[in-house]
Every structure is written in structure tokens, then in C-alpha cells.
Amino acid sequence: MPVVQMTQHLYRFFPQLANRTITVPAGSIAEVLRAVNEMAPGFADYVIDEHGALRRHVTLCIDDTIVIDRKTLSDRVPESGTVYIFQALSGG
Amino acid sequence: MSDMILLGTRKGTIIFDRIHSSWRPRPIAHAGIPVCYAARDPRDGTLWASLDHGHWGPKLARSRDGGATWEDLTSIKYPAGARYIVKYLPTPDFDPAAPSARPEYADASIYKIWTIAFGPASQPGRLYAGTIPGGLFVSDDGGDSWELNRPLWNHESRGGDLFAGDATTENRWHGTPASIDYGVFEPGIHSILVDPRDADHVHVAVSTAGVIETTDGGRTWAARNSGMLMDYLPNAAADWGHDPHFVTGCPGQPDHLWQQNHCGVFYSDDAARSWKKVSMPAAGVHFGFPIAADTNDGRTAWVVPARADSERMAIDGGLFVARTTDGGQSWQALRQGLPQGNAYDIVLRHGLDVAGDRLCFGSSTGNVYVSEDRGESWQCLGNNLPPVYSVRFG
């Protein structure tokens, strides 16, 4: 099953996700985020906006590849894949 | 008078408590997170903070235990189908008089929850939130759920009901420079005033559109910009396009409203049916962002003047607060205890508040001053605070 790794910054808001291996069913990025949101209600709101699009300052990768479809999150995550959730470089 | 001051700062929420005649800061809450507004609901003591997460989207935070613990709420969202007509920063060849031939639409997303306001005691649980891009949200359950006020969103001054289809009127709301940080140029609601006598009577102020009033609980809205004058569009007295920086009112005399506008200080003694320009440039009173009205006397107000929009800092390096007690006919500069040399502070629109005889303001250079005597004298609460976005007595 795919594994989800994320910036530690998100553990501040969702401590239940820290110190564990997060596994989810294979599927689209949108489905992966929904699965994480079930483990930590409210999580998706931190990563996507009200239209389901990736927030501007969030970067998602499947293994080494940055996701292409930031609007509907249709990129597929393979069974052996790892999804990474990063903060984009921004701010001050 | 209040014994609590809440600061919304670039690096979190900072609360000062007045203990044994001195103001003491608590450890910062929401450390590292920009907080653009923080306030206490006088009805039940709930504390509110608007978190302006750079990465994770704007969120409201709520504390029901006096600030000991906070919970993030994620419930303010534009409904599906909420759209607006895109505005762009004026370019050198921008013609403000030219109607846009073909509107460009965008689905609305919340960029910033700019202000929070509390309903009257007769409406427990009623809260308001103003956002960029120009949405007024209403909650009747203490913030658990929120609903977009559609009559204002669908107002004829914004193109009409875009849920139903294409624009039927021209969009007369312009963007606010405060939205540029989010990569857009869209309007924002930063001031919400609920008439303490009548819960259905509400004013909101929009950058950049002006003041808008409802007298029927938000079912209909009308521009209230008569007497307003601007200096950046061809028709200075147009119905729309004004840039209130902040609008407030006197709780004891709610028909007395005060407006620090981009183009001066304006006063109304008839609930915004008419405005009168009361700037006094010779006294330094003209440009600025915040304004505070006295609790009981509608003719008394305070501003923190700044040098013109081209500079946006203290005038001649001397920081002062100006007070009028006669409806803006005269202004008195109050400087005692404030730095009078090499001060480059600017106080942002939510950065000044009054509670009885107490005033407090904080600047974008992290300086906070409090007065216990209606501004006659000031003491410094801190010089090394983060940039201050909002100051509110609790």
C-alpha cells in the first residue's frame, strides 16, 4: 500500500499522524488525501482549498515526481508509491 | 475598562493582562503563525484569532478557556458556485472609466479572514467574518458553521448573481493592495459594525468599494458613500470605488461613525447617510489606517496619522496620536511618552483600540503603546514585538 510522508509542520496540527507509518489504498492523489483526512479529520483543509485544488504553497510528490494536476489531484499513486507533502519554499 | 489586550502579530497571538497596575505579556500563542486579527467576544469571553497560515490556508482559532487552549476551525468556505469577476492591478494604460468588455470569472477561495465581529447580546452565537475576496460570512452557532451572505456577494455592484450565470451589471468593486500578497487583486471586507440598538442594522466597509449598509438583517444592501471624496479616480464623489482603511462607531451613540480613508478622515453623525471630510493636513491629520471612536461620546475619536500614502510612516520621525472631541472640527496631537525622533512606525488598520479611558496601539515595527488617560500620555509595552496587525481590548 502507498505510504504518505509529510512535513513535520503538519504534525503540530495533527499530532495523531506523528510517529507512525501512514499507509493508504492506492488511487488518485485526491483519494489518498481523503484517506488521510479520515485518519485526521480536517487534514485536507490544510492541503487543499474549497475547490479541491492544492493550496498554492504546498508541494506534493509521488516518489520523485511533483504532481502535475494540482486542480483535481488526479495523478495516480501506485501500490508501491510514496506520497510526500511538503511546504513550498515561501514566507519569511 | 478592560484588563486584557490581544495582539494579532506576524508571529502569533500575544495577550497582555493588567495585573497590579502593570501590563504583563503571556507566552505567545500560535507561535510562528501570522495572526491578522484577534479579539474577545464580550458576550461569553471566547477568544478568537484569525490565522493567516502561509502554507495551510486561512483558519479561525477559538479559545473557550481564556486562552489556555485553542482549537482551529476550518468551517469558513465559499460555497460551490461562488464566483467573482477578476480584477487586475491598474497598469499605466488602465482606463478606470472603460467598462470591462468581457468579464473574467474566478471561483472564490478564501485568501484571508480579515476581521471578526460579534453580534449583539440579543443574538447569542451570531458572529461575522469579513474576507478577501470580499465575502461576508455569518455564523449563528458560535462559529461552528458559517454561511456566505449571498445578497452582498451577489450585489449589483459586483456584477449581480454569478451563481445564476453571467454578470448582469458591471463590477464596481476594486481590489485592495492587501490582497497582492496572495497573488491577486481582489476586494476585502475589513470593518463590520453591528448597531447595538438594532441587530438587523449592519455596516461593512470594503477596500476598495466603500461603506455598505443593511437595515434588514442582510437581505438587502446599499452603498453609503455620500460625501466621500477620493483622489485616485476621475469622479471623486462616485458611488463606488472608495477606499476606507477602517470604519468604526461610537457604541453609546451608534449613529456617529468614523472613517479613516485613504483620502482623509471622514465623520458621519447620521449612520453613514452622509459623510463629512474632517481631515486637517496642517495638523498632520489626513492619511493613516486605524481610527477609534469613544465609547460614549460620538464626537470624540482618535487616529494615528502617517505621512501620505507615498511614504506610510510617522510624520517627520515623530509618532503621535491625534484626538478630536468636536466631531473633527479640531484635532489635538498627543505625543507624551511616544518617540519624537527617528520613529518610522506605521499603525495598520486594526492596530488601534479604545476601551473607556484606555487606548492601545501597535505598529508594524513591533512597538506597542498604551494610554490610561485617553491618549494624554503613553507607556511602551514592548519594542521588540513582531509586526502588529491588530490590537483589541478583551
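These figures come from a predicted structure and were not determined experimentally. (Residues numbered from 1 in each chain as written. Chains lettered and ligands numbered in written order. Predicted model: local features only at pLDDT ≥ 70, side-chain atom pairs only at ≥ 80, totals over all residues.)

**A short note on the overall build of chain A**
Right, on to step 1. When its secondary structure is counted, chain A shows two helices and seven strands.
Right, on to step 2. If you list the helices and strands of chain A from N to C, you get β-β-β-α-α-β-β-β-β.
Right, on to step 3. For 92 residues, the compact-globule formula gives about 12 Å, and the C-alpha radius of gyration of chain A, at 12 Å, lands near that figure.
Right, on to step 4. Look at the contacts in chain A between residues 6 or more apart in sequence, and 51% of them connect residues 24 or more apart. (Helix = DSSP H or I, 4+ residues; strand = E, 2+ residues; numbered from the N terminus. Rg over C-alpha atoms; globule rule 2.2 N^0.38 Å. Contact = placed C-beta atoms within 7 Å.)

**As for the overall build of chain B**
Right, on to step 1. Scanning chain B from terminus to terminus reveals two helices and 30 strands.
Right, on to step 2. Computed over the C-alpha atoms, the radius of gyration of chain B is 20 Å, within 12% of the 21 Å expected from 2.2 N^0.38 for a compact globule of 394 residues.
Right, on to step 3. Within chain B, buried positions represent 50% of all 394 residues.
Right, on to step 4. The contacts in chain B between residues at least 6 apart in sequence include a share of 51% that link residues at least 24 apart. (Buried ≥ 20, exposed ≤ 12 C-beta atoms within 10 Å, placed from the backbone.)

**Here we look at the nonpolar core**
Right, on to step 1. Membership of the largest hydrophobic core comes to 107 residues, with the highest contact counts inside it found for Trp302(B) and Cys360(B).
Right, on to step 2. Those residues in contact with Trp302(B), other than ones at most four positions away along the chain, are Ala292(B), Val321(B), Ala322(B), Arg323(B), Leu352(B), Val354(B), Leu359(B) and Gly375(B).
Right, on to step 3. Ranked by size, the runner-up nonpolar core spans 19 residues in total, among them Ile29(A), Val32(A), Leu33(A) and Tyr46(A). (Core = buried A, V, L, I, M, F, W, Y, C linked by C-beta atoms within 7 Å.)

**So, the sheet that holds strand β3 (residues 22-25) of chain B**
Residues and elements named next belong to chain B.
Right, on to step 1. Reading across the sheet, the four strands line up as β3-β2-β1-β30 and stay open at both edges, with antiparallel pairing between neighbours. Both edges of this open sheet fall to β3 and β30 (388-393), since each of them pairs with a single strand only. Put simply, the sheet's adjacent strands are angled 20° from each other on average, direction ignored.
Right, on to step 2. The pairing of strand β2 (residues 12-19) with β3 spans four bridges and is antiparallel. From the neighbouring strand, isoleucine 19 faces β3, where its bridge partner is serine 22. (Pairing = 2+ DSSP bridges. Axes fitted to C-alpha atoms, helices over the stretch in contact; angles between N-to-C directions.)

**Things to note about the pairing of strand β7 (residues 82-87) of chain A**
Right, on to step 1. Strand direction decides the pairing type here: strand β1 (residues 3-6) of chain A and β7(A), joined by four bridges, are parallel. Bridge pairing links Met6(A) to Ile85(A) in β7(A).

**Quick notes on the sheet that holds strand β12 (residues 136-139) of chain B**
Sheet strands line up and pair through hydrogen bonds in the backbone, either parallel or antiparallel.
Residues and elements named next belong to chain B.
Right, on to step 1. The strand order across the open sheet built from four strands is β10-β11-β12-β13, with neighbouring strands paired in antiparallel fashion. Among the strands making up the open sheet, the edge pair consists of β10 (112-118) and β13 (147-148).
Right, on to step 2. Of the strand pairs in this sheet, strand β11 (residues 127-132) and β12 are connected by four bridges, and their pairing is antiparallel. Within β12, the residue paired with tyrosine 128 across the bridge is valine 138.

**Examining the interface of chain A and chain B**
Right, on to step 1. Each side of the interface is counted separately: chain A has 13 residues, and chain B has 10 residues.
Right, on to step 2. Of the residues that constitute the side of chain A that touches chain B, the class distribution is three nonpolar, six polar and four charged. (Nonpolar A, V, L, I, M, F, W, Y, C, P; charged D, E, K, R; others polar.)

**A few points about the environment of Glu147(B)**
All names here are of chain B.
Right, on to step 1. As for its position among the elements, glutamate 147 is in strand β13.
Right, on to step 2. What makes glutamate 147 partly exposed here is the crowd of 13 C-beta atoms within 10 Å.
Right, on to step 3. Residues glutamate 147 and tyrosine 128, 19 residues apart in the sequence, show an inter-C-alpha distance of 9.6 Å.
Right, on to step 4. Those residues in contact with glutamate 147, other than ones at most four positions away along the chain, are Phe137 and Val138.

**Some thoughts on the pairing of β11(B)**
Residue and element names in this part refer to chain B.
Right, on to step 1. The element β11 is extensively covered by neighbouring structure, given that six of its six residues are classed as buried.
Right, on to step 2. The alternating pattern of β11 places Leu127, Ala129 and Thr131 and Tyr128, Gly130 and Ile132 on opposite faces, both of which are buried.
Right, on to step 3. Pairing analysis gives six bridges linking β10 to β11, with the strands arranged antiparallel. Bridge pairing links lysine 112 to isoleucine 132 in β11.
Right, on to step 4. Remark: three residues form the turn of the hairpin made by β11 and β12, two consecutive strands paired antiparallel; glycine 134 in that turn has positive phi of roughly 65°.

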